[in-house]
Structure formats: structure tokens, C-alpha cells
Amino acid sequence: MAKEGGIYRLMATYDKRWVYVVLFIVVLGPLINPIGMPIGISALTKNYYAQLNTLQEGDIVFDTWNMEFSGYMELKPGVLATHKMFIEKGVKLCIAFGHYEGVALPGEIFKQLQTWLDRYDYREGEDYIIIGYVFPNEAAVAALAQDFHANVRVDWKGNSIEGTFLDDIQNAGDFDMISDYTTGLATTYMINHMVLQYGVPMVENSIGVSVPGHLANLDAGLLTALLASTRGGAELEYLIGSPGPGLKSMDAFTLGHYSLMIFIIVGNIGHYGWTRRTGAKDRTGIK
Amino acid sequence: MTVLVVSFLLVFVPYFIPWGPLDWLSGKLMTIAAVTNAFTIVIAVYSQFRRSGRFIREKRKGWAYHIYLLVLLAIMTLSGFILGQHAGAYEWLLLAVVTPLSSVIYGILAFYMASAGARAFRARSPQAALLLVAGFIVLLYQAPLTGAFFPGIEGAATYITNTFGMSVSRMFSISVSIGAIVLGVRMLTGREVAFLGFTEGEE
Amino acid sequence: MLLILLFALTIKFMGQAKLPYIRRVPALDAIEDAVGRSTEMGKPVVCSFGIGGFDYWTVAGLSILGYVAKICAETDTRLIVPTGGGSETYITREAAVDLVRNAYTAAGRPEAFNEEDMPFLSGEQYAYTPGYVGILVRERPGATVMTGSHYSEAMNIAEMANGVDSITITAGCYTSNMAALACASDYIMLGEEQPAAGAYLSREPAQMASIRVQDIYKFIAIGTILVGIVLVNVGSDIINRLLAT
């Protein structure tokens with residue numbers, strides 16, 4: 001006997017594991033065998049690129065990695081592309097972590113930037129200094145913003161920072177820019193104690209779910225630029241002419257979104273057909 | 001409570017009224033707070049050992065997992081202290097064990113969001129249909145290929161995000177900020193003491 | 001000046017004998033129905049209060065936990081409270097344990113309180129998440145109430161709770177995941193509804209005064225926005241300059 005609703009019922013109540021399987025296939029396929037679909041460049045990324053281009057050689061940037069390793073996986077294209085721009089421009093970087101997992105990040109990141117480090121002779125201690133995990137809480141951010149050298153005297157390996165470019169930094173206002181990569185850790189504290197207090201321009205590379213919140217900060221002028229997640233990183237890679245992990249993953253990104261839209265369309269057709277056929281007012285969705 | 005109020009004033013006042021000696025004192029206090037906070041990790045490790053030790057001694061349900069936890073805790077801590085955080089062993093443990101595990105939990109979110117979205121975006125009512133249309137436009141824009149062929153989609157999607165999305169986000173930020181300040185007032189006036197470890201009637 | 005006004009209003013309302021009126025949040029009815037459903041099916045209830053420290057959301061989450069504990073104690077329903085997820089949860093956990101113990105004692109069933117049903121899973125967010133999910137999969141609760149400050153793990157937990165056919169009631173404290181939680185949950189308390197629910201349940205003058213002051217400030221904000229829109233359109237940016245830092 002045919003089930004009430006027939007094919008429409010099937011379309012409206014498909015098992016959610018089909019979503020997982022299809023998503024897995026459409027994401028894995030292009031990663032193994034890239035298709036090379038074109039991408040559009042958003043206004044947000046163009047603005048981010050323009051802001052980074054205002055930096056001059058010798059400018060000191062506070063480079064804050066407010067991300068765990070899991071967040072780094074999403075922000076990786078933007079992190080690498082941004083650092084390539086910094087290296088090319090010859091800006092000085094003071095790198096700080098907002099999470100203890102940041103200890104493992106420099107090895108990963110600078111390994112992938114090795115070609116650029118060699119090309120531009122960019123050295124630790126001279127061009128960039130890693131001060132380590134210094135943002136465990138808001139008090140630490142506030143303290144560091146107010147008096148840099150009272151809170152940081154050595155880098156993450158215990159070498160003194162005296163005699164380096166950080167001698168010029170007394171408080172957060174002495175940085176030319178803050179470049180933040182965030183999953184939402186110390187970012188709000190930095191806006192409160194560094195941007196609002198000292199007026200330092202801050203650019204943000206944020207995970208996708210946090211972008212709507214950061215758009216409000218961008219609109220209010222608290223952030224000067226925002227790079228949105230993997231896609232923003234891919235667009236930045238395109239703009240700087242250095243394809244990387246971001247552009248490679250855009251095919252998977254596109255197909256994943258389209259497959260989700262197809263599931264939504266199928267579900268809605270099923271829901272509409274089922275309610276029309278059976279006259280019921282409401283039907284639940286996926287099992 | 002006196003310590004709380006004095007500490008608050010020492011940090012709050014210099015934010016608005018810059019004065020050298022007060023700024024210096026405020027900076028010192030915040031540095032002390034940051035260092036003290038770091039010591040809570042020590043307390044956390046100690047309390048974890050105590051708690052797990054109790055579980056193991058009394059052979060409560062799941063006690064074997066506590067042995068596993070303590071062994072891993074010891075390996076990680078000792079390798080970091082003895083070999084150093086830049087040594088191969090500690091970095092290997094971080095990169096080969098901790099980071100893939102946390103990456104998996106984060107990555108699995110994509111599947112859950114997809115299934116939740118596919119389930120929730122149903123046009124059951126006119127309002128739901130409107131939400132569906134708006135969501136569809138934003139989803140289409142998020143797929144990079146769409147922007148390459150239909151540049152106009154950026155305008156529509158950013159309009160939705162910058163008007164509806166941003167206004168909600170701003171409203172939320174205002175509410176939360178005011179709530180946080182009011183909570184601070186409650187703490188300063190002694191009306192909220194749970195954070196000091198007291199419960200009702202114990203003050 | 002706005003801050004001083006905020007302080008003064010809060011202290012004024014906290015000192016008043018008459019409690020401000022707060023409407024009952026619809027999600028509270030959903031909590032009662034969900035716990036009732038769990039009791040009928042003989043399934044436990046899982047309730048968590050967040051992974052943050054003693055912040056705005058955790059205080060509300062603890063009030064709601066106390067309410068759920070009271071209903072579970074009265075209806076003889078097993079209550080499981082996964083704790084942990086953040087470094088400050090070592091402190092908040094103790095408050096939660098006391099709260100649940102007191103709820104069972106007040107209901108006249110102190111012997112029913114079982115601290116092992118309040119496992120400390122981990123001080124790390126992504127270690128807490130699989131532990132919580134494991135509890136949901138093994139215990140298959142009839143209701144999952146997730147309040148307080150939950151961040152990205154909330155989506156994992158809500159979707160898995162849905163997957164084990166549990167009524168899922170969540171509270172969004174994090175703008176970024178509120179939309180996703182709304183999709184995954186059966187009921188959601190959006191933003192301010194959570195502290196309002198906490199204040200309504202606790203009937204504490206301080207909490208209720210907070211909600212009243214926040215409402216007053218929202219009206220001030222609405223008024224300022226409307227005045228600002230009018231002034232900007234006539235060419236004056238006085239509101240912008242007043243509010244700019």
C-alpha cells in the first residue's frame with residue numbers, strides 16, 4: 001500500500017545522514033581533484049587588501065593570533081596571505097597568542113612561509129618577534145596595552161627583547177596597526193583596551209560565524225577592515241597573486257553550499273507537495 | 001568585598017581620568033591579576049589530580065578513564081617542563097594528538113550546521129518563507145562561484161547582512177554590555193556573592 | 001554620565017521593596033512540559049549552565065538550573081548536569097552542585113541527589129563537547145536544557161540532542177551561533193530572554209532590578225537612535241559626537 005504522501009513524504013523526511021554523506025563527497029572530491037572554478041572578490045576583502053597596503057616598511061604591527069589550532073584550519077588562507085603581504089612590505093611583527101595552542105602555530109605557519117622568509121630575508125628577532133601566550137584573560141590584555149615592557153621582557157624562547165624594534169613600544173598606541181586572527185578569544189578585550197583607548201587601527205581575520213558580529217564593529221569604525229573566513233583568505237590569495245590553500249578549497253566550498261541549497265529545495269518541495277496531497281497543516285522535517 | 005571595590009576603582013578610574021601614579025598602580029594591579037590568574041592552572045591541575053585520585057581509590061564508575069587522564073596529564077606536563085615547549089616531543093604531542101582532536105570536533109560542526117539548516121529552512125508560514133528567501137540569497141552569495149557570474153548578488157546579500165543581521169547583532173551587543181555592567185554593580189554592592197564561593201544564606 | 005546613571009538606577013531598583021514586573025518567558029513552559037515528558041517516558045533530563053565563569057549568562061543559567069532541579073526533584077526524574085568546558089568552571093561547578101543539592105533538599109528528597117550525575121568532563125571546550133555528546137548518546141534523555149554561556153560547542157550538542165529525540169531547549173548567548181541554535185533546537189531563548197527567565201525564576205531583587213535597568217536603557221537607546229536619525233537628516237551630528245569615544 002502506498003504510504004501517505006508518496007514521493008513528497010520521502011523528499012520532506014529524508015534521513016539527515018544523506019546530508020552528511022553528500023556533503024562529505026562534494027567536499028572531498030574537489031580537494032583531491034581540483035576543478036578550478038572562478039571566484040568573485042568581495043568588497044570586504046578589497047578593503048582589507050587596501051588597508052594592508054597602507055603599511056610602510058618598518059611599521060610595527062601587533063600580530064595577535066587569537067585562535068586555537070582548530071580555528072587556524074579555517075583562518076589559514078587569510079593568515080598565510082596576510083603574512084606574505086607583511087613579509088613583502090618589510091613590516092616588523094610582534095606576534096602574540098591568545099590561546100595556549102598557539103605554541104604549535106609558529107612552526108606550522110612559518111614552515112609554509114619559508115620561501116617568502118628566504119626571499120625577503122625575514123628573520124626572527126630582527127623582523128618578527130614572538131612574545132608567546134600573553135592573553136589568558138582581559139586583565140592581561142589591559143596590562144599589556146597600558147605598559148608593554150612591564151609585562152613583556154622576553155620572547156617566547158626566553159631571549160630578551162631589549163635592543164629590538166620593540167624598544168619603541170611603550171603602550172598599545174605605539175603600534176602602527178593591530179592584525180588579529182580570531183575565533184573570538186581576546187578580540188573584544190583588545191578592542192576595548194587598545195583600539196578604544198589608544199586609537200590603533202585594527203584589521204580582523206575572523207571565522208565565518210563571527211563575521212556578522214564583527215561587521216557591526218567594522219561599521220562603527222572600531223575595525224578598519226575585516227577578512228571573512230576561508231573565503232576571504234582565498235580572495236586575498238588571488239589579490240596578492242599567490243594561490244594557496246584557500247583557493248584550492250573554494251571548489252569544495254562552492255559545491256558544499258550548492259548541495260545544501262539543493263537539500264533545502266528538495267525538502268521544501270517535499271513539504272509543500274506532502275501538505276497539499278494530504279491536506280495536513282504541518283509536517284516535521286528530517287528524521 | 002573591600003578588596004573588590006578598591007580593585008575595581010583602581011582599574012576603572014584611570015580608564016577615564018589619566019593620571020601618572022594612578023596609571024602606574026593600575027598597570028601593576030592588572031599585571032598581578034594576570035599572573036594570579038595563570039596560577040589557577042596550577043590549582044586546576046591539583047584539583048583534577050585530587051578528584052581523579054578519589055575516583056580511582058573508590059573504584060567509581062569510569063575510574064579507568066581517570067587513570068588514563070592522569071597519565072596523559074603527567075606526560076604532557078612533564079614533557080613541557082623537562083624538555084621545553086619547543087622540544088620535539090611536546091610539539092609532537094600537541095600537533096599529533098591535541099590539535100587533530102580539537103580540529104575534528106570543530107570540523108564536525110559543518111555537518112551539523114548543514115543538517116540543521118536543511119531541516120529548519122522550511123516555508124511553513126509566510127514569515128518562514130521570507131526567512132527562506134533571505135537565507136537563500138545569503139547562501140548563494142557565500143558560494144564564491146555565484147559572485148563570479150552574478151556580481152549583483154553581493155549587493156543583495158550585503159544589504160540583508162548589513163541591515164537585518166547587523167542591527168540584531170548591535171542590539172544584542174548593547175543588551176549584553178549593559179547586562180554585564182549591571183552584574184558588576186550587583187557584585188560591587190554585595191548583592192551577587194556566588195562568585196566568591198558563597199551560596200544563599202552563607203554570606 | 002550614562003554609566004553613573006546606570007549605577008544609580010541599579011542601586012535604586014535593588015533597594016526597592018516592590019519587585020519590578022517581569023513577564024514569564026514562554027521557554028519556561030517548554031521546560032516544564034519537557035521535564036514532564038521525560039518523567040512519563042522514564043528518561044533522564046540533561047541540563048547544563050554553560051562553560052563560562054561567573055558572567056552575566058552563567059548567573060542566569062544557574063537560576064534556570066535551580067528551577068529544573070526543583071522540578072526534577074519534585075517529579076522524581078533523574079537530572080544529569082554535565083559541568084566543565086572552561087578554566088573558570090572549576091569555580092562555577094561548586095555553585096551548581098550546591099544549587100542542585102539545595103533544590104533536592106528543599107523538595108524533601110536529599111537522598112535522591114547524586115553528585116555523580118554532575119560529572120566534571122573537562123576544563124577544555126573541545127574535550128567537554130564529546131563528553132557531553134557521549135552522555136546524550138548513552139543516556140538518551142527526554143529533555144536537554146542548555147543555558148548559560150555556550151559557544152561553538154552548543155551546535156554540536158543541540159544537534160546531537162535532536163538526534164537522540166530529546167526535546168532541546170537552548171539559550172543563545174553568543175551572537176554567532178544563535179541562528180544555528182535556532183535551527184537545531186525545539187525552543188530557544190534569544191539573548192535577553194535567558195537572564196529575564198533567570199530573574200523571573202529566582203525572584204531575586206538584584207536580578208530583577210538588572211532586567212528593569214536594562215529595559216530602561218534600551219528605551220534610552222531607542223530614543224537616542226530616533227533623535228539621532230532625525231538630527232543626522234537635518235544636518236546635525238551632535239549625537240555622533242556625543243557618543244563617539
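Computed from a predicted structure; not experimentally measured.

### Re the overall build of chain A
Right, on to step 1. Along its length, chain A carries twelve helices and six strands.
Right, on to step 2. Its C-alpha atoms give chain A principal-axis dimensions of roughly 85 × 40 × 30 Å.
Right, on to step 3. Considering chain A as a whole, with its 287 residues, one finds that 52% of them fall into the buried category.
Right, on to step 4. Partitioning the intrachain contacts of chain A with sequence separation of at least 6 by distance along the chain shows that 76% fall at a separation of at least 24.

### Details of the interface of chain B and chain A
By convention, interface size is frequently given as the accessible area that disappears when the constituent parts associate.
Right, on to step 1. Chain B puts 46 residues into the contact, and the matching count from chain A is 51 residues.
Right, on to step 2. Listing elements by their share of the side of chain B that touches chain A, those giving two or more residues are α2 (20-57), α4 (88-120), α5 (126-142), α6 (144-149) and α7 (152-188) of chain B.
Right, on to step 3. The element that contributes the greatest number of residues to the side of chain B that touches chain A is α4 of chain B, accounting for 14 residues.
Right, on to step 4. Split by residue class, the side of chain B that touches chain A holds 21 nonpolar, 18 polar and seven charged.

### Some thoughts on the domain arrangement of chain B
Right, on to step 1. When cut into domains, chain B gives domain 1 (1-83), domain 2 (84-119) and domain 3 (121-194).
Right, on to step 2. Each of domain 2 of chain B and domain 3 of chain B has a C-alpha centre, and the two are 27 Å apart.

### So, the sheet that holds strand β5 (residues 202-206) of chain A
Residue and element names in this part refer to chain A.
Right, on to step 1. Strands sit in the order β3-β2-β1-β4-β5-β6 across an open sheet of six strands; the sheet is parallel. Taken across any chain shown, the strands that pair with only one partner, and hence form the sheet edges, are β3 (128-133) and β6 (225-228). Neighbour-to-neighbour, the strand axes of the sheet open up by a mean angle of 15°, direction not taken into account.
Right, on to step 2. Across the sheet, helix α3 (residues 43-52) touches β5 and β6, and the angle it forms with β6 is around 125°.

### Focus on the environment of Ile105 of chain B
Right, on to step 1. Tracing the sequence through the fold places Ile105 of chain B in helix α4.
Right, on to step 2. Residue Ile105 of chain B is classed as partly exposed on the basis of its C-beta count, with 19 C-beta atoms lying within 10 Å.
Right, on to step 3. Sequence-wise, Ile105 of chain B and Val138 of chain B are 33 residues apart; in three dimensions their C-alpha atoms are separated by 26 Å.
Right, on to step 4. If we skip the residues at most four places from it in the chain, Ile105 of chain B touches Tyr126, Thr129, Pro130 and Asn156 of chain C.

### Some words on the confidence of the model for chain B
All names here are of chain B.
Right, on to step 1. Summarising the model, chain B shows a mean pLDDT of 82, and 95% of its residues fall at 70 or more.
Right, on to step 2. Mean pLDDT across the secondary structure elements of chain B bottoms out at helix α1 (residues 2-16), with 78, and peaks at α5, with 90.
Right, on to step 3. Overall fold confidence for the complex sits at a pTM of 0.84, while the interface term, ipTM, reaches 0.81.

### Details of the interface of chain C and chain A
Right, on to step 1. Contact residues are listed per partner, giving five residues for chain C and six residues for chain A.
Right, on to step 2. With three residues, the single largest contributor to the side of chain C that touches chain A is helix α7 (residues 175-184) of chain C.
Right, on to step 3. Counted by class, the side of chain C that touches chain A contains one nonpolar, four polar and no charged residues.

### Observations concerning the sheet that holds strand β7 (residues 187-190) of chain C
Adjacent strands of a sheet form backbone hydrogen bonds with each other and so pair up, either parallel or antiparallel.
Residue and element names in this part refer to chain C.
Right, on to step 1. Ordered in space as β2-β1-β5-β6-β7, the five strands form an open sheet in which the pairing is parallel. Looking along the sheet, the strands with just one partner apiece sit at the ends: β2 (79-80) and β7.
Right, on to step 2. In this structure, strand β1 (residues 45-50) lies alongside β2, joined through two bridges in parallel fashion. Looking at β2, one finds that Val45 is bridged to Leu79.

Quick notes on the rules
Residues numbered from 1 in each chain as written. Chains lettered and ligands numbered in written order. Predicted model: local features only at pLDDT ≥ 70, side-chain atom pairs only at ≥ 80, totals over all residues. Helix = DSSP H or I, 4+ residues; strand = E, 2+ residues; numbered from the N terminus. Buried ≥ 20, exposed ≤ 12 C-beta atoms within 10 Å, placed from the backbone. Contact = placed C-beta atoms within 7 Å. Nonpolar A, V, L, I, M, F, W, Y, C, P; charged D, E, K, R; others polar. Domains from an automatic or database assignment. Pairing = 2+ DSSP bridges. Axes fitted to C-alpha atoms, helices over the stretch in contact; angles between N-to-C directions. pLDDT = per-residue confidence, 0-100.

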